[in-house]
Amino acid sequence: MTAQMSLLLACFVAAIWLIALPLGRWLAVIASGCPPLFAGAERTLLSLCGVRGEEQGWRAYAGALLLFNALGIIVLFALLRLQHLLPLNPQGFSALAPDLALNTAVSFVTNTNWQAYGGESTMSHLSQMLGLAVQNFLSAATGIAVAFALMRSFARSGAAGIGNFWVDLLRTTLYLLLPLSLIIALFFVSQGVIQNFSPDLTVKLLEPQLLADGGVRGSQTLAMGPVASQEAIKMLGTNGGGFMNANSAHPFENPSAWTNVAQMLAIFALPAGLCMAFGHLVGDRRQGWALLAAMTLLFVAAVGVIASQEQGGNPHFAALGVDQAAGALQSGGNMEGKEARFGIAASALFAAITTAASCGAVNTMHASLMPLSGGVALLLMQLGEVVFGGVGSGLYGMLMFAVLAVFVAGLMTGRTPEYLGKKITPPEMKRVSIALLVTPLLVLLGTAVAAGSEAGRAGLLNPGAAGFSEMLYAYSSAANNNGSAFAGLSANTPFYNLTLALAMLLGRFAVIVPVLSLAGALAARVRARRDEAGLQSAALPTHGPVFVLLLVLTVVLVGALTYLPSLALGPLVEHLNLSAALRSPQ
Amino acid sequence: MNAFIDLLRPALSVLVLLTALTGGVYPLLVTAIAHAVWPEQAAGSLLRDGDRVVGSALIGQPFSDPGHFWPRPSATANRPYDATASGGSNLGANNPQLLQAVAEREAALRAADPAQREALPVDLVTASASGLDPDISVAAALWQAPRVANARGLPRGEVDLLIEREAGSRWLGFIGEPTVNVLALNRALDRMLAQ
């Protein structure tokens, strides 16, 4: 890694840990009750909505969550199907085809933001603002609600309820997501992110453009829209769905190095803050630090690989006499699919962040990453989006691994496994196993079906192993609710729209339901209060370096055992092909 | 059935309430503040010659005249620098199409200035992520300086000075990159010659 990269990474990690402290405190306040300041207004709102706010058991909580999200899909689907009849459509875009509308509705409700469309050439301002951006808020709030429920279940003892979904949803949206988004959006506008409701704007070019077909074009048309407001929650809620097709590479979405820093911080802020909130809630802040430390270790390792691969450049270009060396006048490296203002350092860091968290926004085109970088991006998603992960989903995903790690340690030492004073028994382990096995099943089955079918292979852009990676990436991204793509894949076909929608739906809710069920079981368990003097040695302490290491190994081991063969067929083969092509005489 | 209706009322009301707040009030509030405080930025950082809009400071334009600096290659769908369909090439690092495109771009750049023997800065032969990249590296601008100076009949030193004036750098050595906005550079060049 270059000195620039190391400094950027170090400052970024330090900043995230600092941001996590106050955010964690605030998240813990929201998870525990209504902030006193808002108590009156909240009571009015709740009664207006017919919410009694009673404690719900896990079934009632899950039922409310599923119903709310189902309604969200229906409303968004309808909006996209009817956008040609609705206002704020200055470009006169037509309705989305049914398969694309379904895919998009599922994608945004599940916090995935997989996009089989190009935003500026498909979506009306109304669809973006009242449809997609709304679900950016609500899907983020849903994820955080589930994390709250699970956190409380560890903190409670012999309780029947895990919280109230409606209350969690409202509090998260009103006291957390909206105010933070407002601040971030205004910063973005001040830096040049657009915010308007204008139709596309045609401007005169400084120099007429000579076209490939011999024609001449004197003007350029700029896509417009309310971008900044959507951009803020897109990052903060780890959604990642770009207003424009080029996402955070588009200068109107991410105009400068500083907006780029803000975007990267916004992605990790809540996932890191939730770790701290977990520590607050279970009454031992070291527990939160341990989770954050494990995430940080995995993240830094991933950045190391991506940064060195991208800075190393493309050996094919070197053979052509292209200068890829980093220096005072250029960033050098593999610049295909990257923006000059981000260079290698800010692009590599962003690629790691967006796939580690289940954001999926991109400021660099992942299909053009070096093969091993693409492989690491794939693996970060495949680990289950637990390296910071999505808002809420990152924490509850990591807690599944923590319970698994405690269980494995218990087997090794012959003690009854226990996490935070809660005994981990077969019923709990069954739920954890289901939650951990759903996404690998979806990823590997989905990729196999696509690779084995004419309709799946028809969409590929790149030949050979890189083509296989496009499919593997698509299902890894969808099932783990990431949303980024190896975008060479022509995904807007009924086959991909429907199979990926199914992967997103199950990857989200077939994980949430067992997690909530686990929360129900844990809340009901009596929490053994350890007395500080004597009994602490009875179980593995879950706040020290040994546990952090055990947790990291558990995550890596499960990921490697599940995905190594598929990664070998895609990025690894592509990497070897690249080296082989250079050795053989031209 | 009653239980379901009991559940449906909060579901619908919460959905309507939060949709109105996050999809109506919030974006309109951002728009109102943006237009009051940062009207230029909110409208797209537009550049004007008199009354006529001649581009955005943030969106790259195509250039191919030897007397102008050339921007990054663009892989937008219909034609280069199509700002209604942003995107990259998505070609893999080992894709023969990519290698051919890079070789062709290199040949075109070298043909425009056969005397320039320096290695080509990589950003000048690789397509950007958005296809609308407004910037090139300072190295890429300096590489083109002899050609531009020649075509405009300017001393090389003056062109280099212009690049230096327009160039951005890394803040504290690690945030940002040494880049030049191509449209700004070419406009400054045109202005200099018009005087």
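Residues numbered from 1 in each chain as written. Chains lettered and ligands numbered in written order. Predicted model: local features only at pLDDT ≥ 70, side-chain atom pairs only at ≥ 80, totals over all residues. Heavy atoms only, no water.

S.K.: Explain the overall build of chain A here, please?
M.R.: From N to C terminus, chain A includes 18 helices and five strands. With respect to the principal axes defined by its C-alpha atoms, chain A has extents near 80 × 60 × 50 Å. Evaluated residue by residue, chain A yields a buried proportion of 64% over its 586 residues. Taking the contacts inside chain A whose residues are at least 6 apart along the sequence as the reference set, 78% of them involve residues at least 24 apart. Total accessible area on chain A is roughly 18,600 Å²; 69% of this is exposed by carbon and sulfur atoms. (Helix = DSSP H or I, 4+ residues; strand = E, 2+ residues; numbered from the N terminus. Buried < 20%, exposed > 50% of the residue type's maximum accessible area, 1.4 Å probe, protein only. Contact = heavy atoms within 4.5 Å. Areas by Shrake-Rupley, 256 points an atom, 1.4 Å probe, with all protein chains shown as cover.)

S.K.: What exactly am I supposed to notice about a nonpolar patch on the surface here?
M.R.: Taken together, the side chains of A:Phe187, A:Trp258, B:Trp171 and B:Leu172 make up a nonpolar region of the molecular surface, amounting to roughly 430 Å² of accessible area. With respect to the helices and strands, A:Trp258 occurs in helix α8 (residues 257–281). Taking relative accessible area as the criterion, A:Trp258 reaches 37% and is therefore assigned partly exposed. (Patch = residues over 30% accessible without salt bridge, like charges linked within 9 Å, V, L, I, M, F, W, Y side chains within 5 Å. Salt bridge = Lys/Arg side-chain N within 4 Å of Asp/Glu carboxyl O.)

S.K.: Is there a simple way to think about the interface of chain A and chain B in this case?
M.R.: For an interface, size is often stated in terms of accessible area lost upon the parts coming together. Counting residues at the interface gives 113 residues for chain A and 107 residues for chain B. Carbon and sulfur atoms make up 66% of the area that chain A and chain B hide from each other, which totals about 8,600 Å². Of all residues in chain A, A:Leu206, A:Glu207 and A:Glu336 bury the most surface against chain B, accounting for 8% of the area lost on that side. In this assembly, chain A and chain B are joined by zero salt bridges. Taken together, the connections running from chain A to chain B amount to 44 residue pairs in polar contact (both at pLDDT 80 or more). When grouped by side-chain class, the residues that make up the side of chain A that touches chain B number 67 nonpolar, 35 polar and eleven charged. (Buried area = accessible area lost by both parts, 1.4 Å probe. Polar contact = N/O pair within 3.5 Å; in protein donor to acceptor, adjacent residues only side chain to side chain. Nonpolar A, V, L, I, M, F, W, Y, C, P; charged D, E, K, R; others polar.)

S.K.: How do you make sense of the environment of A:Asn247 when you look at a structure like this?
M.R.: All names here are of chain A. When you line up the elements, asparagine 247 lands in the loop between α7 (227–236) and α8. The exposure class assigned to asparagine 247 is buried, which follows from its relative accessible area of 4%. Measuring from C-alpha to C-alpha, the distance between asparagine 247 and alanine 361 comes to 6.2 Å, with 114 residues separating the pair along the chain. Once residues within four sequence positions are removed from consideration, asparagine 247 is found in contact with Gln115, Lys234, Gly240, Gly241, Gly242, Glu253, Gly360, Ala361 and Val362.

S.K.: Even after reading the chapter, I still don't get the pairing of strand β1 (residues 201–210) of chain A, so can you show me in this structure?
M.R.: As a general feature of sheets, a regular strand has side chains that alternate between the two faces. Residue and element names in this part refer to chain A. Bridge count for β1 against strand β2 (residues 216–222) is six bridges, and the pairing is antiparallel. Paired with threonine 202 across the strands is threonine 221, a residue of β2. Count of turn residues in the β1/β2 antiparallel hairpin: five residues, of which glycine 214 carries a positive phi of about 95°. (Pairing = 2+ DSSP bridges.)

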